[in-house]
Amino acid sequence: ELKEIVFIIQSQSNSFHSKRAEDLKRDILKQAADLGKELPTVLLIHQMDQHEGAWTILPLMRDFSVTYGRNSSWIFFCEEDTRIQLVKLLETLGRFDKSKEWFLGKALYDEESTIIHHYAFAENPTVFKFPDFAAGWALSMPLVNKLAKKLKSEPLKSDFTIDLKHEIALYIWQKGEGPHLTPVPEFCTDNVSSHKVDHCATTFSNFLPLCGEPVKKEDVFVAVKTCQKFHGDRIPVVKQTWEREAALIEYYSDFADISIPTIDLGVPNTERGHCGKTFAILERFLNHSSARTPWLVIVDDDTLISIFRLRKLLSCYDPNEPIFLGERYGYGLGTGGYSYITGGGGMIFSKVAVDSLLASKCRCYSMDAPDDMVLGMCFSGLGIPVTHSPLFHQARPMDYPKDYLSHQIPVSFHKHWNIDPVKVYFTWLAPNTEESLNGKKVGYNREDL
C-alpha cells in the first residue's frame, strides 16, 4: 500500500532548493490523490534538522524506526530532481518481501580504487555496489529497525563524511554481515523524455539548472590560490583552459610574479591548510574588489572549472542570501560536528555571506588550519547552512563511476595527478562541448579518459 511508504527527499534550506523539493512533494501527493489512495508520508530532510548531520541520513534511523517502524514497510529516499512514477514504484517494491531486510537501488561501482573511498576494495573495487541517489533508493523497515538498534548500541564514530552513498552502503553491509545493495532496473537516471524510460519507476532530470539569464561575467570575482613552487606548472594550465572565461580574476601567492601576475598577500605559504591565505583573500575581496561584485569564487591552482557553467548555475541563487556553495563534506556529524564545502572543487560565496563571516569574530585557529573546514565551522556557528551541488568535484573524472557522471553536466574537477589536465578540461568542462561551433560539437570523447 502507498501509505506504507515513507518518502524522504534530500532537500536543502536554500530557497532555490527548498522550492524544488516542495514541488516534488506536491507531485508525489497529487499522484497519490489521483490514484484515490491514502496519502503517503513525504518528509523533507532540511525540515528534520534536529541535528546538523540530518543530510547524512544514518543519524535519522532511530527516529524513523520509532515513528514509522510499526505501520510502514519501506523508506524511499530521493533527490529533489528525482521524478517518481508512483504506480511503477508500487509495482517494483511489491516484488520484494517487506518482512525481510532489503537495500534497493541503482548500483554504482568503482572501476578502480579511489581516494574518495579511502581505496576500499583495492583488490577488485567493482565487487562493491552502492546506490546512485539520483535514481532513488529504498530500505525495508526490518533493515531500518536493525540499523536503528545498532546505532543505539554503537553511536556513529566522529569522522569525515566524503561520499555519502558509498559510506551508507558500507555501513549497511557491515563487513559482510548485512545486506548488499540489490540492483533494481526500474530505478533509473535517464531523463523523463528518453525513449528508454517506459519500464522506469524513477527518472532524473540531468540538466544544469538555468533560472533566467546566466549571471554576468563581471558579477563573478575569481580568486586562484597558488604559491611560487607551482607558478611554472599549474598556472599555465589555468591560462590554457578556463582563465579566458573569467572577467575578474586574480592569482594570490607567497611571491609577486609580474609575468602571471600574482599578488603577494604577505601570508607565507604553508604545506597543509591555507586558512591564513583564504581569510586574507576574503578581506581583500571586501576591501579592494568592486563593492558591487555579488559572487566570489575561490579555487586552487589545480582546480579545473567551467566559469561559463557556473554563471548558469548561479542564476538560480539569490545573491542577497548568505550562500556558501560547492561540494559538501561533513566532519563529526554523528556527534554534532559541522558540514563544509571542500576546497578543491571550488568554494562559491555570495558577498552577503563574506560580509557576515568577516563581521563575526570567527577566524583561523592557526595559519595552516584547513581553510575549508574552518569556514564550515564558522558558517555553522552563524547559522548559515552550506549549499551542496553535486556538479562540483574534489577529485578527477576517473575517480567517479562513469554511470554517475553520465547524468551530470559538471562544473569542476580537481587535481592534475596522473592526467592531462588540459585534455580533461576540454573533454568535460569547455563551453564548446555543449555549445556547437559552426554546428559541430568540438571536444574529446569522454570515453578516452
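Given the structure is predicted, the values throughout are model-derived calculations rather than measurements.

Spatially, 3 strands are ordered β9-β18-β19 in an open sheet, and the strand pairing comes out antiparallel. With one partner strand each, in any of the chains shown, β9 (160-161) and β19 (338-341) form the two edges of the open sheet. Sheet topology places strand β18 (residues 328-331) next to β19; 4 bridges connect them, and they run antiparallel. The residue of β19 that forms the bridge with Tyr 329 is Tyr 340. Strands β9, β18 and β19 of the sheet are contacted by helix α10 (residues 371-381), whose axis makes an angle of about 130° with β19.

Following the sequence through the fold, Lys 129 ends up in the loop between β6 (107-108) and β7 (130-131). In sequence terms Lys 129 and Glu 177 are 48 residues apart; their C-alpha atoms lie 15 Å from each other. Among residues more than four places away in sequence, those in contact with Lys 129 are Ala 107, Leu 108, Tyr 109, Ala 169 and Leu 181. Of the polar contacts made by the side chain of Lys 129, one reaches the backbone oxygen of Thr 126; its length is 2.8 Å.

Next up on the list: the sheet that holds strand β10 (residues 182-183). Spatially, β2-β1-β3-β8-β5-β10 is the arrangement adopted by the 6 strands of the open sheet, whose pairing is mixed. Here the strands that pair on one side only, and so sit at the sheet edges, are β2 (41-44) and β10. Relative to β10, strand β5 (residues 103-105) runs parallel, the two sharing 2 bridges. Each residue of the ladder has a partner; that of Gly 105, found in β10, is Pro 183.

Another point: the packing of aromatic side chains. Per the counting criterion, the structure on display carries 23 aromatic pairs. Where Phe 77 meets Trp 137, the ring centres are 4.2 Å apart and the plane angle is 15°; that geometry is what we call stacked. Remark: Trp 137 occurs in strand β8 (residues 137-140) and Phe 77 occurs in strand β3 (residues 74-79); sequence separation between them is 60 residues. Taken individually, Phe 77 and Trp 137 each receive the classification buried, so the pair is uniform in this respect.

Okay, the side chain of Asp 110 next. The residue Asp 110 is located in the loop between β6 and β7 in this model. Buried charge without a partner: Asp 110 forms no salt bridge, and the closest opposite charge is Lys 165, 8.2 Å away. A polar contact is formed between the side chain of Asp 110 and the side chain of His 117, at a distance of 2.6 Å. When sequence neighbours within four positions are dropped, the list of residues in contact with Asp 110 reads His 117, Pro 125, Thr 126, Phe 130, His 166 and Pro 401.

UniProt records the feature "domain: Fringe-like glycosyltransferase" (unreviewed entry) for residues 66-152 and 214-424 in the present numbering. Along residues 66-152, the helical share is 28% and the strand share 23%, with 12 Å between the first and last C-alpha atoms.

Here the focus is the confidence of the model for the chain. Taken residue by residue, the chain gives an average pLDDT of 92. The fraction at 70 or more is 94%. A low-confidence stretch, residues 434-444 (pLDDT under 50), is modelled with 16 contacts involving residues beyond four sequence positions or located in other chains.

When you line up the elements, Gln 12 lands in the loop between β1 (5-10) and α1 (15-34). Overall, Gln 12 belongs to the buried group, its relative accessible area being 9%. Within the local environment of Gln 12, its side chain forms a polar contact with the backbone nitrogen of His 388, the two atoms lying 2.7 Å apart. If we ignore the near neighbours within four places in the chain, the residues touching Gln 12 are His 17, Ser 18, His 46, Arg 328, Val 386, Thr 387 and His 388.

Quick look at the packing of helix α7 (residues 275-287) against α10 now. How two helices pack is summed up by the angle between their axes together with the distance between the axes. α10 packs onto α7 with a crossing angle of 60° between their chain directions and a minimal axis gap of 8 Å. On the basis of their axis angle, the class for α7 and α10 is oblique. For the pair α7 and α10, the contacting residues are Cys 275, Thr 278, Phe 279 and Leu 282 in the first and Asp 371, Val 374, Leu 375 and Cys 378 in the second. Residue composition of the contact of α7 with α10, by class: 6 nonpolar, 1 polar and 1 charged.

The next subject is the state of the cysteines. Scanning all chains against the criterion turns up 4 disulfides. Note on cysteine connectivity: Cys 188 is disulfide-linked to Cys 200, with sulfurs 2.0 Å apart. Disulfide Cys 188-Cys 200: torsion about the S-S bond near -95°, hence left-handed. Of the two residues, Cys 188 sits in the loop between β10 and β11 (202-204) while Cys 200 sits in the loop between β10 and β11, which places them 12 residues apart along the sequence. Like Cys 188, the residue Cys 200 is buried in the burial classification.

A few words on the pattern of salt bridges. Inspection of the entire model under this criterion finds 25 salt bridges. Residue Glu 111 is joined to Lys 402 by a salt bridge in which the shortest nitrogen-to-oxygen separation is 3.1 Å. Of this pair, Glu 111 sits in the loop between β6 and β7 while Lys 402 sits in helix α11 (residues 402-405), and the two are 291 residues apart along the sequence. Owing to a relative accessible area of 43%, Glu 111 belongs among the partly exposed residues under this scheme. Under the relative-accessibility criterion, Lys 402 is labelled partly exposed at 41%. A salt bridge links Asp 371 to Lys 225; the nearest nitrogen and oxygen atoms lie 2.5 Å apart. Here Lys 225 lies in strand β12 (residues 220-225) and Asp 371 lies in helix α10, a separation of 146 residues in the sequence. Each member of the pair, Asp 371 as well as Lys 225, is classed as buried. Linked by salt bridges that have partners in common, Lys 19, Asp 23 and Arg 26 make up one network.

Conventions we followed
Residues numbered from 1 in each chain as written. Predicted model: local features only at pLDDT ≥ 70, side-chain atom pairs only at ≥ 80, totals over all residues. Heavy atoms only, no water. Pairing = 2+ DSSP bridges. Helix = DSSP H or I, 4+ residues; strand = E, 2+ residues; numbered from the N terminus. Contact = heavy atoms within 4.5 Å. Axes fitted to C-alpha atoms, helices over the stretch in contact; angles between N-to-C directions. Polar contact = N/O pair within 3.5 Å; in protein donor to acceptor, adjacent residues only side chain to side chain. Phe/Tyr/Trp six-rings, centres within 6.5 Å; stacked < 30°, edge-to-face > 60°. Buried < 20%, exposed > 50% of the residue type's maximum accessible area, 1.4 Å probe, protein only. Lys, Arg positive; Asp, Glu negative; His and termini not counted. Salt bridge = Lys/Arg side-chain N within 4 Å of Asp/Glu carboxyl O. UniProt positions renumbered as here; feature names shortened; annotations may be inferred. pLDDT = per-residue confidence, 0-100. Parallel < 35°, antiparallel > 145°, perpendicular 65-115°, else oblique. Nonpolar A, V, L, I, M, F, W, Y, C, P; charged D, E, K, R; others polar. Disulfide = S-S within 2.5 Å.

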